[in-house]
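Coordinates in review
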Amino acid sequence: MSDISLRDVRKVYSGAEAPTIPGLSLEIVSGELCVLVGPSGCGKSTLLRMVAGLEEVSDGEIAIAGRRVNDLEPAERDISMVFQNYALYPHMTVFNNMAYGLKNRGMPKDEIRRRVDEAAVMLGLDGFLARRPRELSGGQRQRVAMGRAIVREPAAFLFDEPLSNLDAKLRVKTRVEIRDLQQRLRTTSIYVTHDQQEAMTLADKLVVMNAGQIEQIGTPIEVYERPASLFVAGFIGSPPMNLLPPSAVPSLAPASAPEHALIGIRPESMVPADDGPIALDVRVVERLGATSTIHGRLPGLESDVIASVPSTVPADPGRTMRFSSPGDGVHLFDGRTGRRLG
Amino acid sequence: MVERRPLLTFTQHAVLIVGAAIFVFPIYLAFVASTHTGTEVNRGLPLLPGDQMQENYAIVLGEGLSTAGAPPIGLMLMNSTIMALAITLGKLAISLLSSFAIVYFKFPFRVLAFWTIFITLMLPVEVRILPTYEVVAQLGMLNSYAGLSIPLIASATATFLFRQFFMTVPDELTEAARIDGAGPMKFFRDILVPLSRTNIAALFVILFIYGWNQYLWPLLVTTDESYYTVVMGIQRLANSGDQLPQWNLIMATAILALLPPVIVIIVMQRLFVRGLVEVEK
């Protein structure tokens, strides 16, 4: 059992007027990969660093595996962390980079050797143990950083945007590797990212954060299918959800919808239909191969409405296209509170 | 310069050769003087080496110049080496530790402490030499290696350079070390000092020469011949009272005094350059 629980955790930096995290609770079940996602400055990294013990907790309680860790040093918390810039020790070999934490714990030499060798094989680093970090590629350095986390066999892995220094192709590959590794080891993990695609693909539990607070917790599919707020609706999903006033699409708005409501329709839920209620003046068509993204205008609206359709659907700028949306594709939000209605 | 312009190449080389010649000439003269007899040198300096080299160097190394009241040069060379090494190692140790404290620890008056150290950059040895002498004398450290080296050990320059370097070490490295269970001193020993290797090598060269070239301070604190250093010893040799200075022997001493810093530069430069080539980050 190595669940992580945060109770009413607060963070106020000295000198700051408003708290970075005004009070937040979160339960992470043992073996789960929990992704914290949000725009930069939303407090997700601060939260992770508080769990790691690199930031002090202003108030509240953090417990790892049932043990209160607020006042423990990072090394005593039984966690390991993967940093954005890898943070490998440049003057040590790959082997020593992975072994350093174990040596500091006074582990016997042959046990260290066994664990490092095992992790190296798992990560495909077995030929590189004698090299220095500067002799490795970005992806290999990332794997060394992972190896350093694994050999400790900790209660939890903490990932702080570990993929943001990799190029796009490698990022997808490494993402899969991290997922695979975490599923094999079943180690409780917290993963911080600002990339919603990374968040969706990796998470068992997705936590969307904004301004130091949790907007929504759920599985990626729950969050995608039933966004709890306008913020989540706009943040998760790419291209983002279209948000329209009911007056623009009266036939799609439920009769009960209040005047200040907003209707949300994902671009993927926009289905071309000859008699559909949404008539778009097509401005730009982006062809992505399998799908095309159509940017168009509704009469009387300032911003574009986006539709994602199969590339077989004929679409040209200047034409008017009609779309409908199936009932479960229409989301209703309160425009004043930003919360979901119904 | 990828351009092929013969005249430019010629000018460049001419300037370099002339510059090098101007620089080397006095040293050459000193060497030439050290290979003749005293009378030959006093008659007018010859331009080619003579045949007295072995004899002259044997005298300065073995017997010393009793007439000038100086011990054999071997002892002075050893004194100089001890002083220069003590100053260098002391400065490196103290400045590494103090910049570690200034950069990585929060304590009251930290900024004040840094600026106090920094301001002492403006106070060279000569400015504070009388009060320092008084303190050293009161502590009974005159005529001792401690008296020669300890007052010169505090170093604002090295502290400042290490501080600048430590500030470029990424915070994530510090945090990774904390998670790896390295306490502050372990972090210092296992990570900061190895990373500072090239800086240490460069400073070693500079500080060794600084220590070796100390002149005024050893002159003040030593009255016992057995603690004379070679740089001040040369001066003693030249002040030979009524007699003519024995320039051949003085120059032999000068050449010998030149060797240790040169050796340090040659040896450390290899390390220094290798450190520069293997950029680590």
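Quantities reported herein were computed from a predicted structural model and do not represent experimental measurements.

Further remarks concern unusual backbone geometry. Residue and element names in this part refer to chain A. Note the cis peptide between S238 and P239, where omega equals -5°. Within the element layout of this structure, P239 appears in the loop between α8 (230–235) and β11 (242–244). Positive phi, close to 45°, is recorded for E153, a residue that is not glycine. What makes E153 partly exposed here is its relative accessible area of 49%. Its identity as a non-glycine residue notwithstanding, E161 has a phi of 45°, on the positive side.

Moving on, we come to the state of the cysteines. Under the criterion given, the structure shown has zero disulfides over all chains. For the unlinked cysteine C34 of chain A, the closest cysteine sulfur is that of C42 of chain A, found at 12 Å.

On to the environment of L77 of chain B. Following the sequence through the fold, L77 of chain B ends up in helix α4 (residues 73–104). The spatial distance from the C-alpha of L77 of chain B to the C-alpha of L121 of chain B is 29 Å, given a sequence separation of 44 residues.

Looking now at the nonpolar core. One finds L47 of chain A together with I191 of chain B to be the most contacted residues of the largest nonpolar core, which totals 78 residues. With eight residues, helix α11 (residues 197–212) of chain B is the single largest residue contributor to this core. Beyond its immediate sequence surroundings of up to four residues, I191 of chain B is in contact with Y89, H91, M92 and Y100 of chain A together with L173, A177 and K186 of chain B. Of all hydrophobic cores here, the second largest spans 43 residues; its members include M98, A119, A199 and A203 of chain A.

All names here are of chain A. Here chain A is described as being made up of domain 1 (4–229) and domain 2 (239–334). With six residues of domain 1 in contact, the opposing surface of domain 2 contributes five residues. Contact with domain 2 buries surface across domain 1, with Y224, P227 and S229 losing the most and accounting together for 85% of the total. Put simply, domain 1 and domain 2 have zero salt bridges between them. Between the two partners, domain 1 and domain 2, sit two residue pairs in polar contact (both at pLDDT 80 or more). Its residues assigned to classes, the side of domain 1 that touches domain 2 shows four nonpolar, one polar and one charged.

Thresholds, definitions, all that
Throughout, residues of each chain are indexed from 1 in the direction in which the sequence is written. Each chain gets a letter, beginning with A, and each ligand a number, beginning with 1, in the order they are written. The predicted nature of this model means local features are confined to residues of pLDDT at least 70 and side-chain atom pairs, given and counted, to a pLDDT of 80 or more, with totals for whole chains, interfaces and linings taken over all residues. For side-chain calculations, the full set of non-hydrogen atoms in the structure is used, while hydrogens and water are omitted. In this text, helices come from DSSP runs of H or I with a minimum length of four residues, and strands from runs of E with a minimum of two, each type numbered from the N-terminal end. Buried residues are those whose accessible area, probed at 1.4 Å on protein chains only, stays under 20% of the maximum for their type, while exposed residues exceed 50% and partly exposed ones sit between those limits. Cysteine sulfur pairs qualify as disulfides if the two atoms are within 2.5 Å. Here, the term nonpolar core denotes a set of buried Ala, Val, Leu, Ile, Met, Phe, Trp, Tyr and Cys residues that are joined through side-chain atoms within 4.5 Å. In this description, contact between two residues means that some pair of their heavy atoms is separated by no more than 4.5 Å. The domain boundaries here were taken from an automatic or database domain assignment. Buried area is a sum: the accessible area each of two parts loses on coming together, probed at 1.4 Å, counted once for each and added. Think of a salt bridge as a Lys or Arg side-chain nitrogen and an Asp or Glu carboxyl oxygen that are within 4 Å of each other. Each polar contact in these results corresponds to two N or O atoms within 3.5 Å; when the atoms are within protein, one needs to be able to donate a hydrogen and the other to accept it, and residues that are neighboring in sequence are counted only if both atoms are side-chain atoms. Ten residues, namely Ala, Val, Leu, Ile, Met, Phe, Trp, Tyr, Cys and Pro, are considered nonpolar, four, namely Asp, Glu, Lys and Arg, are considered charged, and the remaining ones, Gly among them, are considered polar.

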